Amino acid sequence: MKTVRLHWKGKAEESVVICRKNALKFLGQTLQSSNTRAFVFTDTNVLSLYGKKIKRTLPDIPVFAMEAGEEHKNGETLFSLLSAMAKAELHRNSVLIALGGGVVGDVGGLAASLYMRGIDCIQVPTTLLAQVDSSVGGKTAIDFCGVKNLVGAFHQPVRVYVGPDFLKTLPMREIRCGLGEIVKHAALDKELFDELVSREVFDLEFLGEIVPKNIEIKAAVVRKDPQEKGLRRCLNLGHTTAHAIELNESTLSHGECVLLGILYESRIARTHVPCDKSYLDELEGLCRRVLSCDISSFDVPSFAQSSVLDKKNTGKGIKLVVPTFKGEYAEIELSLEEYTRELARIRGELC
Ligand SMILES: NC(=O)c1ccc[n+]([C@@H]2O[C@H](COP(=O)([O-])OP(=O)(O)OC[C@H]3O[C@@H](n4cnc5c(N)ncnc54)[C@H](O)[C@@H]3O)[C@@H](O)[C@H]2O)c1
Ligand SMILES: [Zn+2]
């Protein structure tokens, strides 16, 4: 078992992240001894895979399942959940358990932040992406008016229970999706990078082992900058280009877009900032290994125009967080014209 404690800057509260086998059983035992009224929020896929286990380990706790999928991460689902919470007569001291991937975590976290002006939320992330990324950091949201994550709040979970057992039922696409964020963390952390380049990245046992390290990397950043005012921007490494791709290419998962984003932005780094080129070659090799597809088939430059819509680009230029040396990054700003030119040049190199 591995426990990571997250103290939030200037605040008395903390989140505790518990990584262990049989995480759900352990959560059930903890709840039984605490006498807290609880409510489980999940999605239809997770319920069909883990419904029996949920009933067995969290007996007598009401369960509400949303339709699975990003297209249901909306106001309708949020208010259905809030209604179900009200019907279950949750009160100020109750706890909402968000058991699922990032979608469940985001909607559940937001509902917990709103219900009675905020009740406790426990996250039980069941996808690799949710385990290494979305369940830690307290960002919650729904998509609104066609804009992803437009309505949301910061609401730190009191506890996060991370179980490697959940990874066994994940489709390959979801594993690759989580690996996108893991490679991003590896670009920020030397030790994780060395581990990833020397191991079989799709091995579930290995992935289960490195989840706590990933949580520590994200937590170390979030702890210093919980409201995303400065340092937390490093978690956007590769993401400007990833978001540009994502807006136009619906067949790729977020993680795949992140891997392509890191690959393109590492090539931008070579021409704009001091960097270690042989390290960037290795990082690119890692992205290619995880992507395992023909990179030249994606017309990344034609997606570039969309990046002006990226909410992080508040000024005129395109802001990028690019990898430079092992464990290091740089923030750079390019004009839209220069950025588009660079992407076209890189696509030419890759084809
Ligand atoms: N809050 C944050 O900081 C943050 C960070 C990154 C991403 N996100 C959000 O997370 C969401 C993406 O999360 P995601 O990739 O987990 O997607 P998801 O929640 O849609 O899950 C992906 C699919 O896997 C299924 N699933 C979940 N657990 C499973 C399991 N153990 N076995 C088999 N199938 C399982 C789900 O039902 C779904 O069909 C996006 O909405 C994104 O905006 C939030
Ligand atoms: Zn991401």
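Please clarify how the pattern of salt bridges should be interpreted in this entry.
Oppositely charged side chains are able to pair whenever their charged atoms sit close together. In the structure shown here, the tally under the stated rule is 17 salt bridges. For Lys184, the salt bridge goes to Glu181, with nearest N and O atoms at 3.0 Å. On the criterion of helical spacing, the pair formed by Lys184 and Glu181 is a turn pair, its members being three residues apart in helix α6 (residues 172-188). Accessibility assignment for this pair places Lys184 and Glu181 in one class, buried. Note that Arg267 is salt-bridged to Glu284, the shortest N-O span being 2.8 Å. Here Arg267 is found in helix α10 (residues 254-272), whereas its partner Glu284 is found in helix α11 (residues 277-291), with 17 residues between them in sequence. Side by side, Arg267 and Glu284 carry an identical accessibility label, which is buried. Residues participating in the shared-partner salt-bridge network are Arg267, Arg270, Asp281, Glu284, Arg288, Glu342, Arg345 and Glu349.

It is not clear to me how the layout of surface pockets should be interpreted in this structure. Could you clarify?
Summary: where empty space remains is shown by rolling a probe the size of a single water molecule over the atoms. Reported here for the second largest pocket is a volume of approximately 350 Å³. Lys21, Pro164, Glu205, Gly208 and Glu209 are, among the 15 residues lining the second largest pocket, the residues nearest its centre. Summarising the domain contributions, the lining of the second largest pocket has at least three residues from each of domain 1 (2-169) and domain 2 (172-350).

Sorry, what's going on with the domain arrangement of the chain here?
The parts lose accessible area when they come together, and the size of an interface is often stated as this lost area. Parsing the chain into structural domains produces domain 1 (2-169) and domain 2 (172-350). Facing 24 residues of domain 1, the contacting portion of domain 2 comprises 27 residues. Roughly 2,200 Å² of surface becomes buried between domain 1 and domain 2 when both sides are summed, with 69% attributable to carbon and sulfur atoms. When the shortest N-O distance is used, the salt bridge between Lys218 and Asp133 registers 2.7 Å. Taken together, the links from domain 1 to domain 2 amount to three residue pairs in polar contact (both at pLDDT 80 or more). Counting residues per element, the ones that place at least two in the side of domain 1 that touches domain 2 are β1 (2-7), β2 (14-19) and α5 (128-134). Taken together, the residues of the side of domain 1 that touches domain 2 sort by class into 13 nonpolar, four polar and seven charged.

Mind showing me how you'd approach the nonpolar core here?
Burial of nonpolar side chains together is a common tendency in soluble globular proteins. Ranked by size, the top nonpolar core spans 70 residues in total, and within it Leu128, Val183 and Leu196 carry the most contacts. Looking at which domains feed residues into this core, each of domain 1 (2-169) and domain 2 (172-350) gives three or more. Beyond its immediate sequence surroundings of up to four residues, Leu128 is in contact with Leu167, Leu170, Glu174, Ile175, Gly178, Leu179, Ile182, Leu207 and Val211. Membership of the second largest hydrophobic core comes to 21 residues, among which are Phe39, Leu81, Ala112 and Cys121.

How do you make sense of the coordination of the zinc ion (ligand 2) when you look at a structure like this?
Four donors placed tetrahedrally about a metal ideally form angles of 109.5 degrees, and six donors placed octahedrally ideally form angles of 90 or 180 degrees. All of the protein donors around the zinc ion (ligand 2) are Glu181 (OE), His239 (NE2) and His254 (NE2); their distances to the metal are 2.0 to 2.1 Å. Positions of the donor residues of the zinc ion (ligand 2) along the chain correspond to the pattern E-x57-H-x14-H. On the criterion of sequence distance, the pair formed by Glu181 in helix α6 and His254 in helix α10 is long-range, its members being 73 residues apart.

Help me understand the pairing of β2, please; the structure alone is not making it clear to me.
One face of the sheet, then the other: side chains in a regular strand alternate in exactly this way. With respect to burial, β2 is a largely interior element, five of its six residues being buried. Across four bridges, the pairing between β2 and strand β9 (residues 159-162) is parallel. Looking at the pairing, Val16 lines up with Arg159 of β9.

It is not clear to me how a nonpolar patch on the surface should be interpreted in this structure. Could you clarify?
Taken together, the side chains of Phe144, Val147, Leu150 and Val151 make up a nonpolar region of the molecular surface, amounting to roughly 320 Å² of accessible area. If you tally residues by element for the nonpolar patch, the top one is strand β8 (residues 147-154), at three residues. Along the chain, Val147 falls in strand β8. Judged by its relative accessible area of 39%, Val147 is partly exposed.

I would appreciate a short explanation of the site of ligand 1 in the present structure.
In the region of ligand 1, 25 residues are neighbours, and Glu70, Lys73, Thr126, Thr127 and Thr169 sit closest. Thr169 is positioned with one of its side-chain polar atoms (N or O) 2.7 Å from a nitrogen atom of ligand 1. Mapped by element, the contributors of at least two residues to the shell around ligand 1 are α2 (44-57), α4 (102-114), α5 and β8. In terms of residue count, the dominant contributor to the shell around ligand 1 is α2 (four residues). When grouped by side-chain class, the residues that make up the shell around ligand 1 number eight nonpolar, eight polar and nine charged.

Any chance you could explain unusual backbone geometry here in plain terms?
Generally, phi is negative for residues other than glycine and the peptide bonds are trans, each holding for most cases. Here the phi dihedral of Asp60 falls at roughly 65°; this positive angle occurs in a residue that is not glycine. Relative to the assigned elements, Asp60 resides in the loop between α2 and β4 (63-66). The phi dihedral of Asn149 is positive, around 55°, even though this residue is not glycine. Locating Asn149 in the fold gives a position in strand β8. Accessibility expressed as a relative area gives 30% for Asn149, which makes it partly exposed.

Just to check I follow, could you spell out the packing of aromatic side chains for this structure?
How two aromatic rings sit relative to each other is given by the distance of their centres and the angle of their planes. Taken as a whole and judged by the stated rule, the model has four aromatic pairs. Sitting above the plane of the Phe26 ring, Arg20 keeps its charged end 4.2 Å from the centroid.

Rules and cut-offs
- Residues numbered from 1 in each chain as written.
- Chains lettered and ligands numbered in written order.
- Predicted model: local features only at pLDDT ≥ 70, side-chain atom pairs only at ≥ 80, totals over all residues.
- Heavy atoms only, no water.
- Salt bridge = Lys/Arg side-chain N within 4 Å of Asp/Glu carboxyl O.
- Helix = DSSP H or I, 4+ residues; strand = E, 2+ residues; numbered from the N terminus.
- Buried < 20%, exposed > 50% of the residue type's maximum accessible area, 1.4 Å probe, protein only.
- 1 Å grid on protein atoms, 1.4 Å probe; cavity = no way out; pocket = protein on both sides within 12 Å on 5 of 7 lines; lining within 4 Å.
- Points joined across faces, edges and corners; volume = space filled by probe spheres on them.
- Domains from an automatic or database assignment.
- Contact = heavy atoms within 4.5 Å.
- Buried area = accessible area lost by both parts, 1.4 Å probe.
- Polar contact = N/O pair within 3.5 Å; in protein donor to acceptor, adjacent residues only side chain to side chain.
- Nonpolar A, V, L, I, M, F, W, Y, C, P; charged D, E, K, R; others polar.
- Core = buried A, V, L, I, M, F, W, Y, C linked by side-chain atoms within 4.5 Å.
- Donors = N, O, S within 2.8 Å, 3.2 Å for Na, K, Ca; no water.
- Pairing = 2+ DSSP bridges.
- Patch = residues over 30% accessible without salt bridge, like charges linked within 9 Å, V, L, I, M, F, W, Y side chains within 5 Å.
- Areas by Shrake-Rupley, 256 points an atom, 1.4 Å probe, with all protein chains shown as cover.
- Near = heavy atom within 4 Å.
- Phe/Tyr/Trp six-rings, centres within 6.5 Å; stacked < 30°, edge-to-face > 60°.
- Lys NZ or Arg CZ within 6 Å of the ring centre and 35° of its normal.

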